Amino acid sequence: MSKRKVSKDIEAEDVEMGDGGEENINSDSSSDSEEMDIVNVDFEMFDPQPDHDFHGLKTLLRQLFDTDNTLFDLSALTDLILSQPLLGTTVKVDGNETDPYAFLTVINLQEHKDKPVVQELTKYILARSQSSPNLNKKLKELLSSSASSHTGLILTERLINVPTEIVPPMYKMLLEEISWAIEENEPYNFSNFLILSKTYTEIPSKIDALESRPQKKGKKASSKSKNELFYFHPEDETIQRSGEHASYKYVKEGDAGAADSKRAFSDFGIMPQGHMILVGKDELPKIVEDLEKLFSPGT
């Protein structure tokens with residue numbers, strides 16, 4: 001089983017990143033006279049490379065887990081990802097030996113349940129999913145030591161300005177690789193997939209309050225906008241329609257000052273949250289089709 005290298009010419013989106021790697025989309029671009037440049041980039045997709053990808057993947061995992069990244073042994077998690085190099089995809093720009101700009105992989109939570117880092121992740125998932133009683137109940141059954149079915153934990157993250165167009169081919173490759181692995185009797189016959197991701201809400205700026213800055217015209221937040229949920233990964237809004245999902249506060253939630261540090265192109269602070277989505281095995285192929293229709297180049 002081996003990966004065919006795939007090259008994609010994808011235009012970078014009008015996206016900027018704040019400190020810590022979170023996307024901050026300029027929703028008020030019509031009021032700004034300054035235009036963003038569009039850059040054509042040739043993204044290449046590879047199998048994870050144990051000899052080259054350790055530091056790049058660990059950086060992306062740190063970004064994915066945000067302030068809670070210190071709760072896990074990210075080195076051990078990175079090693080686990082690299083121990084299955086024929087499953088999952090990295091996205092690069094300057095060749096196979098460079099650091100990945102994005103990745104997507106899946107980990108069998110039952111197969112690796114004795115590994116300390118998987119035990120940490122399982123405990124974390126069950127604790128954070130309590131924000132959704134229905135989801136928490138399902139996960140307790142699926143992740144119990146006596147569960148007969150296997151759940152795949154999908155981990156995926158991307159760096160600054162990497163567009164959503166790379167997402168459909170990564171998921172499509174994952175489905176193909178799982179199919180090949182099952183044919184070879186490898187332990188990837190999942191009944192469900194759990195995707196860990198991130199959302200955020202906007203909060204009033206502490207800096208503006210301290211400096212008594214008047215908000216720009218039209219920028220006053222309504223009670224509705226204060227509670228509105230935004231997605232760091234736009235594809236999550238599509239994926240979650242086919243399963244159970246929940247947003248949750250991080251264990252090590254940042255303060256208002258940290259939120260202000262992530263407010264590029266916004267008059268409000270950015271408060272990240274964790275997000276998880278549980279989908280069934282049979283739903284994932286249809287989800288991938290929907291993502292291709294929405295985010296593939298030229299659509």
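These figures come from a predicted structure and were not determined experimentally. Residue positions are counted from 1 within each chain, in the order its sequence is given. The predicted nature of this model means local features are confined to residues of pLDDT at least 70 and side-chain atom pairs, given and counted, to a pLDDT of 80 or more, with totals for whole chains, interfaces and linings taken over all residues. Note: side-chain values were computed over all heavy atoms of the structure, leaving out hydrogens and water.

Some points on the nonpolar core
Here is step 1: The definition of a nonpolar core used throughout is a set of buried Ala, Val, Leu, Ile, Met, Phe, Trp, Tyr and Cys residues joined through side-chain atoms within 4.5 Å. Buried, partly exposed and exposed residues are distinguished by accessible area as a fraction of the type maximum, computed with a 1.4 Å probe on protein chains only: under 20%, between the cut-offs, and over 50%, respectively. Grouped together as the largest cluster of nonpolar side chains are 32 residues, with contacts concentrated most on Phe 65, Leu 77, Leu 153 and Leu 155.
Here is step 2: When residues no more than four places from it in sequence are discounted, the contact partners of Leu 155 are Leu 61, Leu 64, Phe 65, Leu 77, Ile 81, Phe 103, Leu 104, Thr 105, Ile 107 and Leu 196.
Here is step 3: Grouped together as the second largest cluster of nonpolar side chains are 30 residues, Val 41, Ile 239, Ile 287 and Leu 291 included. In what follows, a contact means two residues having at least one pair of non-hydrogen atoms within 4.5 Å.

Comments concerning the pattern of salt bridges
Here is step 1: Take a side-chain nitrogen of Lys or Arg and a carboxyl oxygen of Asp or Glu: if they are within 4 Å of each other, that pair is a salt bridge. By the definition in use, this model includes six salt bridges.
Here is step 2: Across the pair Glu 244 and Lys 138 runs a salt bridge, and its minimum N-O distance is 3.3 Å. Taken together, the residues span a long stretch of sequence, with Glu 244 in strand 10 (residues 244–248) and Lys 138 in helix 4 (residues 133–142) at a distance of 106 residues.
Here is step 3: Of the charged contacts in the structure, one is a salt bridge between Lys 286 and Asp 290, with a shortest N-O distance of 2.8 Å. Note that Lys 286 and Asp 290 are positioned in helix 10 (residues 283–295) at a spacing of four residues, about one turn of the helix.
Here is step 4: For Lys 286, a relative accessible area of 43% gives the class partly exposed. Runs of H or I in DSSP of at least four residues are treated as helices and runs of E of at least two as strands, each being numbered from the N terminus.

Considering the pairing of strand 7 (residues 151–158)
Here is step 1: The element strand 7 is extensively covered by neighbouring structure, given that eight of its eight residues are classed as buried.
Here is step 2: Judged by which residues are buried, strand 7 turns out to be covered on both faces: Thr 151, Leu 153, Leu 155 and Glu 157 on one side and Gly 152, Ile 154, Thr 156 and Arg 158 on the other are all buried.
Here is step 3: We treat two strands as partners when DSSP finds at least two bridges between them. Summarising the sheet, strand 6 (residues 102–108) and strand 7 pair through seven bridges and their orientation is antiparallel. Bridge pairing links Ala 102 to Arg 158 in strand 7.
Here is step 4: Pairing analysis gives five bridges linking strand 7 to strand 8 (residues 192–204), with the strands arranged parallel. Its bridge partner lying in strand 8, Ile 154 is registered against Ile 195.

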